[in-house]
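Listed below are the residues making up each chain.
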Amino acid sequence: MGIVFLIVVGAILGWLTAFALRAESSRSLKINIGAGIIGAMLAGLVISPAMHAGNLASGTYTVDALFISMAGSLAMLLVANFLRYQEVL
């Protein structure tokens, strides 16, 4: 259940970021959703257990682990969009 949560949270945050940035092309939307999912998975499965905040994959749900996965998703979205806009300029 934790992995499903990470995928859903990452996808929602990616979609919201694409909406906020007015990324109208389907490529931009896919990049944002993919980056959101990757960031949430990385933070939720690697960083949370390393910080002893809980392990979402094994079902140890804590508020700290959820916030860490959301922060990881947002960080990956920030990097992805920064790199994408550097490409355009």
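Below you will find a few notes about this structure. (Residues numbered from 1 in each chain as written. Predicted model: local features only at pLDDT ≥ 70, side-chain atom pairs only at ≥ 80, totals over all residues. Heavy atoms only, no water.)

1. Focus: the side chain of Ser48
- Structurally, Ser48 can be placed in helix H2 (residues 26–50).
- Sequence-distant contacts of Ser48, that is, excluding residues within four places in its chain, are made with Ala43, Ala53, Gly54, Ala65 and Ile68. (Helix = DSSP H or I, 4+ residues; strand = E, 2+ residues; numbered from the N terminus. Contact = heavy atoms within 4.5 Å.)

2. Re the nonpolar core
- Judged by nonpolar contacts, Val9, Leu13, Ala35, Leu77 and Ala80 together constitute the single largest core of five residues.
- Of all the elements in the fold, those that place two or more residues in this core are helix H1 (2–20) and helix H3 (63–88). (Core = buried A, V, L, I, M, F, W, Y, C linked by side-chain atoms within 4.5 Å. Buried < 20%, exposed > 50% of the residue type's maximum accessible area, 1.4 Å probe, protein only.)

3. Description of H1
- The terminal C-alpha atoms of H1, which comprises 19 residues, lie 27 Å apart, in line with the 27 Å expected from a rise of 1.5 Å per residue.
- Among the residues making up H1, those that are buried are Gly2, Leu6, Val9, Gly10, Leu13, Gly14, Thr17 and Ala18. On an axial view of H1, the arc spanned by its buried residues comes to 165 degrees, and they lie on one face.
- Count one or two residues on from H1 and you reach Arg22, which has phi positive near 55 degrees. (Expected span 1.5 Å × (residues − 1). Arc of directions from axis to C-beta.)

4. Regarding H2
- In this model, H2 (25 residues) spans 35 Å end to end at C-alpha, consistent with the 36 Å of a helix rising 1.5 Å per residue.
- Residues of H2 that are buried include every one of Ser28, Asn32, Ala35, Gly36, Gly39, Ala40, Ala43, Gly44 and Ser48, and no others.
- One or two positions beyond H2, positive phi appears at His52, with a value near 55 degrees.

5. A few points about the environment of Ala40
- Relative to the elements of secondary structure, Ala40 occurs in helix H2.
- With 32 residues separating them in the primary sequence, Ala40 and Val8 have C-alpha atoms 9.2 Å apart.

6. Brief notes about the packing of aromatic side chains
- Inspection of every chain in the model, using the stated rule, returns one aromatic pair.
- Seen in terms of ring centroids, Trp15 and Phe19 are 6.0 Å apart; in terms of plane orientation they differ by 15 degrees. Their pairing is stacked. With a gap of four residues between them, Trp15 and Phe19 both fall in helix H1, about one helical turn apart.
- We classify Phe19 as exposed; its relative accessible area is 62%. (Phe/Tyr/Trp six-rings, centres within 6.5 Å; stacked < 30°, edge-to-face > 60°.)

7. Things to note about a nonpolar patch on the surface
- On the surface, a nonpolar cluster with roughly 950 Å² of combined accessible area is contributed by Met1, Val4, Val8, Ile12, Trp15, Leu16, Phe19, Leu29 and Tyr61.
- Looking at the nonpolar patch element by element, the count peaks at six residues for H1.
- Mapped onto the secondary structure, Tyr61 falls in the loop between H2 and H3. (Patch = residues over 30% accessible without salt bridge, like charges linked within 9 Å, V, L, I, M, F, W, Y side chains within 5 Å. Areas by Shrake-Rupley, 256 points an atom, 1.4 Å probe, with all protein chains shown as cover. Salt bridge = Lys/Arg side-chain N within 4 Å of Asp/Glu carboxyl O.)

8. A few points about the packing of H1 against H2
- Contact geometry for H1 and H2: axes closest at 7 Å, N-to-C directions at 140 degrees. On the basis of their axis angle, the class for H1 and H2 is oblique. Along this stretch, H1 crosses H2, giving a crossing that reads as right-handed. Between H1 and H2, the residues in contact are Ile3, Leu6, Ile7, Gly10, Ala11, Gly14, Trp15, Thr17 and Ala18 and Leu29, Asn32, Ile33, Gly36, Ile37, Ala40, Met41, Gly44 and Leu45, respectively.
- For the contact of H1 with H2, the residue count by class is 12 nonpolar, six polar and no charged. (Axes fitted to C-alpha atoms, helices over the stretch in contact; angles between N-to-C directions. Parallel < 35°, antiparallel > 145°, perpendicular 65-115°, else oblique. Left-handed = near helix turned anticlockwise from the far one by under 90°. Nonpolar A, V, L, I, M, F, W, Y, C, P; charged D, E, K, R; others polar.)

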